[in-house]
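Breakdown of the fold
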Amino acid sequence: MTEDLDHRFSSLTWDQIKILDQVLTEVIPIHGRGNFPTLEVKPKDIIHVVKEQLTEKQITVRDIRLNGSTASHILVKQNGTSYKDLDIIFGVELPSEQEFQVVKEAVLNCLLDFLPKCVNKEKITAQTMKDAYVQKMVKVSTDHDRWSLISLSNNSGKNVELKFVNSLRRQFEFSVDSFQIILNSMLDVYSDTECESTEDLHPTIIAESMYGDFNEAMDHLKYKLISTRNPEEIRGGGLLKYSNLLVRDFKPADEAEIKSLERYMCSRFFIDFPDVAEQQRKIESYLRNHFIGEEKSKYDYLMTLRGVVNESTVCLMGHERRQTLNMITILALKVLGEQNIIPNVANVTCYYQPAPYISDRNFSNYYVAHGQPPIIYQPYPFHIQMQSGMV
């Protein structure tokens, strides 16, 4: 291993290995739709059966890795780092469309092994298992990126995401989610029933930072610092994840640099999602997947996102920018409505639309509460004027 590559890697400590073992042996429910039963799955078990199936089908598996927020949680648990999805990457060879299909069928067939013994499996097809247990499936096949994703449903948001990667140019958004833990040696221990890990005798497990410098990325994770590079390479620009980090009290590692990068984040987001309806669907999907059980944080997140878009969008015409800002604001008000929260009236100007039969010229169609500079609410079409320092 060259010196340039060496700084990307580090070995896990015994304490980190124990946390990794807890993650891999925890029972995760995969919830079925309709009358289909819940599958009780340990990550180490589903990894094992999927790998076996792929090997049987002559699909080469280079390595298996734990990715993203789960890896970050294992490396730095003490700063409150949590994880939602369990991201597992299988490094595989996918030279043609046939291999993509083989991978999909292998995973769906594996799920049959986790059905309760009382279930008659003979008439259950792969398509039936897909309809019952798969939340989403993605396939990307371009000159530079060849990978597929199968996400298994979990009602509490802890989806098991199986990613099969032949090639992927960009494998992280920010330094704090750039870690991958190589599981091969840990899986070998699980396969050997006579082998038991102890502090004095345990496998060497390697973690890699796809960001580059492992120690620098670890410092960012420990001290909750935000850093990235070339966000224009990320689908969506990393804008939604960036706003999520901000609302969770992460701070820019370099304030001046991140302000410059915000413009690239916004530009790439609007390139990938040019229509307001598309933007809204993407934001709503992000809220559903990343804020389960955190309903009260949704409003703060949306207003943080709105602030970034408002300050750093340079690629849209004025009316397009206003449409996006209004859409985000309406989503934020909807979140408040769902929580039965009424905004502080000291900060609100309400515009009332008088009924057509009111002809009194002395009628005033708005009420201003005295206090801080106002947020202005109007009838549709909706325009919100935010004053600095309000949110």
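The shown structure was predicted, so the numbers you read here are calculated from the model rather than taken from an experiment. (Residues numbered from 1 in each chain as written. Predicted model: local features only at pLDDT ≥ 70, side-chain atom pairs only at ≥ 80, totals over all residues. Heavy atoms only, no water.)

For the rest of this paragraph, the subject is the pattern of salt bridges. Throughout the structure, instances matching the rule amount to 17 salt bridges. The shortest N-O distance in the salt bridge between Arg65 and Asp63 comes to 3.2 Å. Here Asp63 falls in the buried class, since its relative accessible area comes to 18%. Put simply, Arg8, Asp63, Arg65 and Glu208 are held in one network by salt bridges that share partners. (Salt bridge = Lys/Arg side-chain N within 4 Å of Asp/Glu carboxyl O. Buried < 20%, exposed > 50% of the residue type's maximum accessible area, 1.4 Å probe, protein only.)

Further remarks concern helix 11 (residues 276–290). Taking 1.5 Å of rise per residue, 15 residues should cover 21 Å, and helix 11 covers 21 Å from first to last C-alpha, within 8% of that figure. Buried within helix 11 are the following residues: Gln279, Ile283, Tyr286 and Leu287. Taken down its axis, helix 11 places every buried residue within 100 degrees of arc, on the same side. In helix 11, the exposed positions angled more than 90 degrees off the buried face are occupied by Arg281 and Arg288. Taken together, the buried residues of helix 11 touch helix 9 (239–247), helix 10 (255–272), helix 12 (295–312) and helix 13 (318–338). (Helix = DSSP H or I, 4+ residues; strand = E, 2+ residues; numbered from the N terminus. Expected span 1.5 Å × (residues − 1). Arc of directions from axis to C-beta. Contact = heavy atoms within 4.5 Å.)

Right, let's get into the environment of Val107. Along the chain, Val107 falls in helix 5 (residues 97–112). Measuring from C-alpha to C-alpha, the distance between Val107 and Ile150 comes to 8.2 Å, with 43 residues separating the pair along the chain. With near-sequence residues (within four places) excluded, Val107 lies in contact with Val50, Ile150, Leu162 and Phe164.

What the rule picks out here adds up to two cavities of 30 Å³ or more. Put simply, the second largest cavity is a space of about 30 Å³. In terms of lining, the second largest cavity is formed by Ile226, Ser227, Thr228, Ala253, Asp254, Glu257, Ile258 and Leu261. The element best represented in the lining of the second largest cavity is helix 10, accounting for three residues. Split into classes, the residues belonging to the lining of the second largest cavity amount to four nonpolar, two polar and two charged. (1 Å grid on protein atoms, 1.4 Å probe; cavity = no way out; pocket = protein on both sides within 12 Å on 5 of 7 lines; lining within 4 Å. Points joined across faces, edges and corners; volume = space filled by probe spheres on them. Nonpolar A, V, L, I, M, F, W, Y, C, P; charged D, E, K, R; others polar.)

This part covers the confidence of the model for the chain. Averaged over all residues, the pLDDT of the chain is 86; the fraction at 70 or higher stands at 84%. Considering only residues more than four positions removed or in separate chains, one finds that residues 365–391, a stretch of pLDDT under 50, has 65 contacts. (pLDDT = per-residue confidence, 0-100.)

Our focus in this paragraph is the pairing of strand 7 (residues 146–152). The buried fraction of strand 7 amounts to seven of the seven residues, a majority that puts the element mostly inside the structure. Across the two faces of strand 7 the burial is the same, with Arg146, Ser148, Ile150 and Leu152 and Trp147, Leu149 and Ser151 all buried. Relative to strand 7, strand 6 (residues 134–141) runs antiparallel, the two sharing seven bridges. Bridge pairing in strand 7 places Met137 opposite Ile150. The antiparallel pairing of strand 6 with strand 7 creates a hairpin that spans four residues between the two strands. Relative to strand 8 (residues 160–167), strand 7 is paired through seven bridges, and the arrangement is antiparallel. Within strand 8, the position partnered with Arg146 by the bridge is Ser167. (Pairing = 2+ DSSP bridges.)

One can find Ala207 in strand 10 (residues 206–209). Discounting chain neighbours no more than four positions away, the residues touching Ala207 are Arg8, Phe9, Ser10, Leu12, Leu75, Gln180, Ile181 and Phe214.

What follows covers the side chain of Thr228. On the secondary structure map, Thr228 appears in the loop between strand 11 (225–226) and helix 9. A polar contact is formed between the side chain of Thr228 and the backbone oxygen of Glu173, at a distance of 2.5 Å. If we skip the residues at most four places from it in the chain, Thr228 touches Arg170, Phe172, Glu173, Phe174, Tyr211, Ile234, Leu261 and Met265. (Polar contact = N/O pair within 3.5 Å; in protein donor to acceptor, adjacent residues only side chain to side chain.)

It is the contact of helix 2 (residues 14–25) with helix 3 (residues 43–56), at a shortest axis distance of 5 Å, that shows an interaxial angle of 70 degrees. Considered as vectors, helix 2 and helix 3 are oriented roughly perpendicular to each other. Residues Val23, Leu24 and Thr25 of helix 2 touch helix 3, and the partners they reach there are Pro43, Lys44 and Ile47. For the contact of helix 2 with helix 3, a count of residues per class yields four nonpolar, one polar and one charged. (Axes fitted to C-alpha atoms, helices over the stretch in contact; angles between N-to-C directions. Parallel < 35°, antiparallel > 145°, perpendicular 65-115°, else oblique.)

Once that is clear, we can look at the pairing of strand 8. By the bridge criterion, six bridges tie strand 5 (residues 86–92) to strand 8 in an arrangement that is parallel. Within the sheet, the bridge partner assigned to Phe90 lies in strand 8 and is Phe164.

Where helix 8 (residues 214–222) is concerned, the buried positions are Phe214, Ala217, Met218, His220 and Leu221. All buried residues of helix 8 lie within an arc of 160 degrees about the axis, which places them on one face of the element. Summarising the contacts, the buried residues of helix 8 are in contact with strand 1 (9–11), helix 4 (68–75), strand 9 (179–182), strand 10 and strand 11. By the N-cap criterion, in which a side-chain oxygen at the helix start approaches the backbone nitrogen of a residue two or three places on, helix 8 is capped by Asp213, the distance to Asn215 being 3.1 Å. Two residues or fewer after helix 8 comes Lys224, characterised by a positive phi angle close to 55 degrees.

As a further point, take the packing of aromatic side chains. Across all of its chains, the model carries nine aromatic pairs by this definition. Measuring from centroid to centroid gives 6.0 Å for Phe36 and Tyr133, while their planes differ by 80 degrees, and the two rings are edge-to-face. Highlighted residues: Phe36 in the loop between strand 2 (28–30) and strand 3 (39–41) and Tyr133 in helix 6 (residues 126–133), separated in sequence by 97 residues. Take Phe36: its relative accessible area is 31%, and that puts it in the partly exposed class. The class of Tyr133 is buried, set by a relative accessible area of 0%. (Phe/Tyr/Trp six-rings, centres within 6.5 Å; stacked < 30°, edge-to-face > 60°.)

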